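One-letter residues, chain by chain:
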Amino acid sequence: MTPEHTRLVAALRELRAGAGLSLAALAERTAYSKSSWERYLNGKSLPPRQAVRELCRLAKEPDGRLLALWEIAESHWSGRAVGAAPAPPTDDSAPPPPHQAPPPAGTRRRLGGSRLLVMLASAYTVIVGGAAALLFLLLPDSAARDEEPPPASIPFSIAPQCHGAACEGRDPMRLICGIGPDTLASHRTATGAHVELRHSKKCGASWARTWGTEIGDRLDVTAGGPTHSVRIRNKDDAATFVYTEMTEVGPGSTVRACFRPASPDGERECFEARVGATALTPRE
């Protein structure tokens, strides 16, 4: 997956977990099947825009942020983004038959166009049909699959991947700390940006995130140890939310976030909160 797709998947998983929606519930209340939602939520394929909107609707969350993430991910997936590599097949595209190489030039000259198409179609049907039959035999009962954790080949697992000091300076989304976190405090800056202090009890770590920003804005977070920062580098960052790396915290720890606007005459705005007792304390 591209980094943009990874960020979208993490946000979708966080939203689904926070709303307590199972794959069966998503399939029942939307136009997409359980197998489709499994692919979308584990990064195997890019969800349709409408699927993102449906998940936001069910979770009772505004869809603007997730749709902005989707737009960025889709532009890289489709290759429309500047410098993006060609995209893999989308969810509705069938994979090409494995190990199928074009026939030698001499063979192509001897075969008529229609005859070649018939032969290729036949070979494709045999390969895909055989693979589907084998997959059907190997898969467990679908009802049981719905609640099982994803296989090891899927790049995300459900459980957090670090705790405490092991999370220091690491990405909360990639390490599954961003699923169902607490919001310790929130703040709206003088420039209109939104900032939140986030905390994962399971990971024993906190981080800050921001959106509604401008290129060049910077966000810092610390809990008395190292300071972790993130800067809004380009229009893609400004169009969605960005977040800092994590900092280790324990019960009663104070977490502090500082927002620095890009404007040279803008003032730094800081606020803090204590883990276990949500509080908002704006400071200079």
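These figures come from a predicted structure and were not determined experimentally.

A. Inspection of the overall build of the chain at higher detail. Helix and strand counts for the chain stand at 9 helices and 9 strands. Counting the 284 residues in the chain, one finds 39% classified as buried. Counted over contacts in the chain with a minimum sequence separation of 6, partners at least 24 positions apart contribute 55%. As presented, the chain carries roughly 15,400 Å² of accessible surface, and 56% of it is formed by carbon and sulfur atoms.

B. Expanded view of the packing of helix 1 (residues 3–19) against helix 5 (residues 64–77). At their nearest, the axes of helix 1 and helix 5 sit 8 Å apart, and the two run at 150° to each other. In this view, helix 1 runs roughly antiparallel relative to helix 5, as classed from their interaxial angle. Once helix 1 is placed against helix 5, the crossing between them reads as left-handed. Contacts from Glu4, His5, Arg7, Leu8, Ala11, Leu12 and Leu15 of helix 1 reach helix 5 at Arg65, Leu66, Leu69, Trp70, Ile72, Ala73, His76 and Trp77. When grouped by side-chain class, the residues that make up the contact of helix 1 with helix 5 number 10 nonpolar, 2 polar and 3 charged.

C. Broad picture of helix 1. Taking 1.5 Å of rise per residue, the 17 residues of helix 1 would be expected to cover 24 Å, and the 25 Å separating its terminal C-alpha atoms lies within 8% of that figure. In terms of burial, helix 1 is largely enclosed, as 12 of its 17 residues are buried. Those residues of helix 1 lying buried are Glu4, His5, Thr6, Arg7, Leu8, Val9, Ala10, Ala11, Leu12, Arg13, Glu14 and Leu15.

D. Representation of the state of the cysteines within the structure. Summed over all chains, the structure comprises 3 disulfides. Disulfide partner of Cys177: Cys203, at an S-S distance of 2.1 Å. Between Cys177 and Cys203, the S-S torsion sits near -95°, and that sign places the bridge as left-handed. With Cys177 in the loop between helix 8 (142–147) and strand 1 (182–188) and Cys203 in the loop between strand 2 (194–200) and strand 3 (205–211), the pair connects residues that are 26 residues apart, well separated along the chain.

E. Local environment of helix 5. The terminal C-alpha atoms of helix 5, which comprises 14 residues, lie 20 Å apart, in line with the 20 Å expected from a rise of 1.5 Å per residue. Of all 14 residues making up helix 5, 11 are buried, and the element is well covered by its neighbours. Within the sequence span of helix 5, burial applies to Leu66, Leu67, Ala68, Leu69, Trp70, Ile72, Ala73, Glu74, Ser75, His76 and Trp77. Where helix 5 is buried, its residues contact helix 1, helix 4 (49–59) and helix 9 (235–239). Taken from the residues just after helix 5, Gly79 is the one with a positive phi, measuring 85°.

F. How the structure looks around the layout of surface pockets. As a volume, the second largest pocket reaches approximately 420 Å³. Taken together, 17 residues form the lining of the second largest pocket, with Leu15, Glu61, Arg65, Arg198 and Arg209 sitting closest to its centre. Within the residue set of the lining of the second largest pocket, elements represented by two or more residues are helix 1, helix 5, strand 2 and strand 3. No other element matches helix 1, which puts 5 residues into the lining of the second largest pocket.

G. Expanded view of the pairing of strand 2. Most of strand 2 is tucked away: 6 of the 7 residues are buried. One ladder, built from 6 bridges, connects strand 1 with strand 2; its direction is antiparallel. Its bridge partner being in strand 2, Thr183 is matched across the sheet by Arg198. Taken together, strand 1 and the strand that follows it, strand 2, pair antiparallel across an intervening segment of 5 residues, in which Gly192 is found at a positive phi of about 95°. Inspection of the sheet shows strand 2 paired to strand 3 by 7 bridges, in the antiparallel sense. Each residue of the ladder has a partner; that of His194, found in strand 3, is Trp211. In sequence, strand 2 turns back onto strand 3 through a hairpin of 4 residues, with Gly204 there showing a positive phi of about 60°.

Basis of the calculations
- Residues numbered from 1 in each chain as written.
- Predicted model: local features only at pLDDT ≥ 70, side-chain atom pairs only at ≥ 80, totals over all residues.
- Heavy atoms only, no water.
- Helix = DSSP H or I, 4+ residues; strand = E, 2+ residues; numbered from the N terminus.
- Buried < 20%, exposed > 50% of the residue type's maximum accessible area, 1.4 Å probe, protein only.
- Contact = heavy atoms within 4.5 Å.
- Areas by Shrake-Rupley, 256 points an atom, 1.4 Å probe, with all protein chains shown as cover.
- Axes fitted to C-alpha atoms, helices over the stretch in contact; angles between N-to-C directions.
- Parallel < 35°, antiparallel > 145°, perpendicular 65-115°, else oblique.
- Left-handed = near helix turned anticlockwise from the far one by under 90°.
- Nonpolar A, V, L, I, M, F, W, Y, C, P; charged D, E, K, R; others polar.
- Expected span 1.5 Å × (residues − 1).
- Disulfide = S-S within 2.5 Å.
- 1 Å grid on protein atoms, 1.4 Å probe; cavity = no way out; pocket = protein on both sides within 12 Å on 5 of 7 lines; lining within 4 Å.
- Points joined across faces, edges and corners; volume = space filled by probe spheres on them.
- Pairing = 2+ DSSP bridges.

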